[in-house]
Each structure stands twice: as C-alpha cells, then as structure tokens.
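Residue-level structural notes
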Amino acid sequence: MMIDTTHINRERVFFEEDQTIWLFGYGSLIWKAEFPFHERRPAYIEGWARRFWQGSHDHRGTPDAPGRVATLVESPGTTCQGMAYRIDVATLGPLDVREKNGYLREQTVLHFADGSHAEGLIYLATSDNAAFLGDAPLDDMARQIAFAHGPSGPNRDYLLHLAEALDALGAEDRHVFSLAQRVAKLGIE
Ligand code: SIN
C-alpha cells in the first residue's frame, strides 16, 4: 500500500537546524545522490542487514505491481556498508519526499574506515509500515524485481546499480549479490 511519511519525518528532528549532519545511505542513496552534500565518505553501521523487503509503489513499481527496494533489518553482529553524506538539515526536506513510502528518519552511529565514528541519520522502513513486503524465497523476489517498473524506472536497475556500487566499495552483501545474479539471468520481457 502506498503511504506518505513526509509529515511524520518533519517532526523527527534530532539535531540543530543550522548544523550539518551525516546521512548514511544503504540503498539508492548510495548510487543516486541527487541532492547537495558537502562531502561523502564510505561508511558502515553495525547491527543491521540490508534486505529487499520494502515495497516500492511510487518509484520502482506501482500500487498494483509494487517493486522491491532496500531496507534494513536488525541483525546483531552484522555490519552494513554504505555511503555517508554530510548534508545541510534543509536537504532533508526533499529527501523526506523521496523516501516517503514507509521510511522514517532514525538516528544511528556511523563508522568510517579511519576508525572514527559519528552520530548520523538513516531512513529506515520497519516491518510495521504498510508498504513492507517482508521476506520471500530469493527466486520469487528476483522475479518480482526483474519485472517491476515504476515512475523512477525499472526495479532491476535499482538492484543492479546497488550491486555495482557495493562491489566498487568492496562490500560483502550476499543477499544483494545473490539477487543481482538471479535478476541478471532473467531477461527483460
Ligand atoms: C537508502 O538508500 O539509504 C534508503 C533506501 C533507498 O532510498 O533506496
């Protein structure tokens, strides 16, 4: 189901309005950074695993035929690699709109390769949001991703761009790479 979390996120202010903040991207925010930022650095967060369990009814699918996009699920001992962006708080406005189908701003600690860390923000879609699809056999998820299409383009592009970006970061992610292999084998119909 299509939802709109924009108004909820506007109230989720964990920072001073005039400071810059770190945003951690783990899905399209890694490879589609169409927003202004001061700097970006590869980073990781702890205790979370990336999963294609969130429905996309607005970007990579439609209300009748949703696609699947990334969210995070709690996974003690797991690290999730991604990209950190230092942004102005004002940049969250358009990002809230982009992430409106179920994602909420959440605070988390970001770790950088040099051993430093910082408090930051993620957009998280939890299992209690109406657009959440949850787990399914990998082959079923791959088939859904291979054929879904929405206003932002084919769902397969989201997955394959993410897999490429993770590969470039040297990231391990069996879930994403297994899905990408399966989707690459399925032709576009
Ligand atoms: C993210 O990339 O960090 C959030 C999910 C998405 O926009 O794909």
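Preceding this paragraph is the structure being described.
Described in the following lines is the structure provided in the data block. (Residues numbered from 1 in each chain as written. Predicted model: local features only at pLDDT ≥ 70, side-chain atom pairs only at ≥ 80, totals over all residues. Heavy atoms only, no water.)

Remarks on the overall build of the protein
Counting its regular elements, the protein contains 6 helices and 7 strands. When its helices and strands are written in sequence order, the protein yields α-β-α-β-β-α-β-β-α-β-β-α-α. Here the protein has a C-alpha radius of gyration of 16 Å; the compact-globule value for 189 residues is 16 Å, and the two agree. With the C-alpha coordinates of the protein rotated into their principal frame, the extents come out at 50 × 35 × 30 Å. When burial is assessed residue by residue, the protein has 50% of its 189 residues classed as buried. Of all intrachain contacts in the protein linking residues separated by at least 6 positions in sequence, the fraction that spans at least 24 positions is 75%. Of the accessible surface of the protein, which amounts to about 9200 Å², a share of 50% is contributed by carbon and sulfur atoms. In the protein, 18 positive and 27 negative side-chain charges are present, and the distance between their average locations comes to 5 Å. (Helix = DSSP H or I, 4+ residues; strand = E, 2+ residues; numbered from the N terminus. Rg over C-alpha atoms; globule rule 2.2 N^0.38 Å. Buried < 20%, exposed > 50% of the residue type's maximum accessible area, 1.4 Å probe, protein only. Contact = heavy atoms within 4.5 Å. Areas by Shrake-Rupley, 256 points an atom, 1.4 Å probe, with all protein chains shown as cover. Lys, Arg positive; Asp, Glu negative; His and termini not counted. Charge placed at Lys NZ, Arg CZ, Asp CG, Glu CD.)

What about helix 5 (residues 155-169)?
Helix length check: helix 5, at 15 residues, gives a terminal C-alpha distance of 22 Å against a target of 21 Å (1.5 Å per residue), a fit within 8%. Turning to helix 5, its buried residues are Asn 155, Arg 156, Tyr 158, Leu 159, Leu 162, Ala 163, Ala 165 and Leu 166. Gly 170, located one to two residues past helix 5, shows a positive phi value of around 75°. (Expected span 1.5 Å × (residues − 1).)

Remarks on the pairing of strand 1 (residues 20-25)
Along strand 1, 5 of the 6 residues are buried, which leaves the element largely enclosed by surrounding structure. With 6 bridges joining them, strand 1 and strand 3 (residues 67-88) adopt antiparallel strand pairing. Among the inter-strand pairings, Trp 22 is bridged to a residue of strand 3, identified as Arg 86. Both strand 1 and strand 5 (residues 117-124) contribute to a ladder of 2 bridges, which runs parallel. Its bridge partner being in strand 5, Leu 23 is matched across the sheet by Leu 121. (Pairing = 2+ DSSP bridges.)

Notes on the packing of helix 5 against helix 6 (residues 174-185)
Running from N to C, helix 5 and helix 6 cross one another at 130°; their axes reach a closest spacing of 9 Å. Between helix 5 and helix 6, the interaxial angle falls into the category oblique. In the crossing of helix 5 with helix 6, the sense of the turn from one axis to the other is left-handed. Contacts between helix 5 and helix 6 involve Arg 156, Leu 159, Leu 160, Leu 162, Ala 163, Leu 166 and Asp 167 from the first element and Val 176, Phe 177, Leu 179, Ala 180, Val 183 and Ala 184 from the second. Tallied by class, residues from the contact of helix 5 with helix 6 come to 11 nonpolar, no polar and 2 charged. (Axes fitted to C-alpha atoms, helices over the stretch in contact; angles between N-to-C directions. Parallel < 35°, antiparallel > 145°, perpendicular 65-115°, else oblique. Left-handed = near helix turned anticlockwise from the far one by under 90°. Nonpolar A, V, L, I, M, F, W, Y, C, P; charged D, E, K, R; others polar.)

Observations concerning the nonpolar core
Core analysis: the biggest nonpolar cluster contains 52 residues, and Phe 52 and Leu 92 have the highest contact counts within it. The leading source of residues in this core is strand 3, at 9 residues. The contact partners of Leu 92, leaving out residues within four places of it in the chain, are Phe 15, Ile 21, Ile 87, Arg 105, Leu 121 and Tyr 123. (Core = buried A, V, L, I, M, F, W, Y, C linked by side-chain atoms within 4.5 Å.)

A look at the site of the ligand
Taken together, Phe 24, Gly 25, Tyr 26, Gly 27, Ser 28, Leu 29, Ala 70, Glu 99, Tyr 103 and Tyr 158 form the complete shell of residues around the ligand. A distance of 2.8 Å separates an oxygen atom of the ligand from a polar backbone atom of Gly 27. In isolation the ligand offers 250 Å² of accessible surface; the protein chains occlude 97% of this area. Here the ligand occupies the largest pocket. Looking at the shell around the ligand, the elements that each hand over two or more residues are strand 1 and helix 2 (28-31). Residue composition of the shell around the ligand, grouped by class: 6 nonpolar, 3 polar and 1 charged. (Near = heavy atom within 4 Å. Polar contact = N/O pair within 3.5 Å; in protein donor to acceptor, adjacent residues only side chain to side chain. 1 Å grid on protein atoms, 1.4 Å probe; cavity = no way out; pocket = protein on both sides within 12 Å on 5 of 7 lines; lining within 4 Å. Sits in = over half its atoms within 2 Å of the grid points.)

Let's talk about the pairing of strand 4 (residues 104-112)
Relative to strand 4, strand 2 (residues 39-56) runs antiparallel, the two being bridged by 2 bridges. Opposite Tyr 44, over in strand 4, you have His 111 as the bridge partner. Pairing geometry for strand 4 and strand 5, over 8 bridges, is antiparallel. Among the inter-strand pairings, Glu 106 is bridged to a residue of strand 5, identified as Ile 122. In this antiparallel pair of consecutive strands, strand 4 and strand 5, the connection spans 4 residues, and Gly 115 shows a positive phi of 95°.

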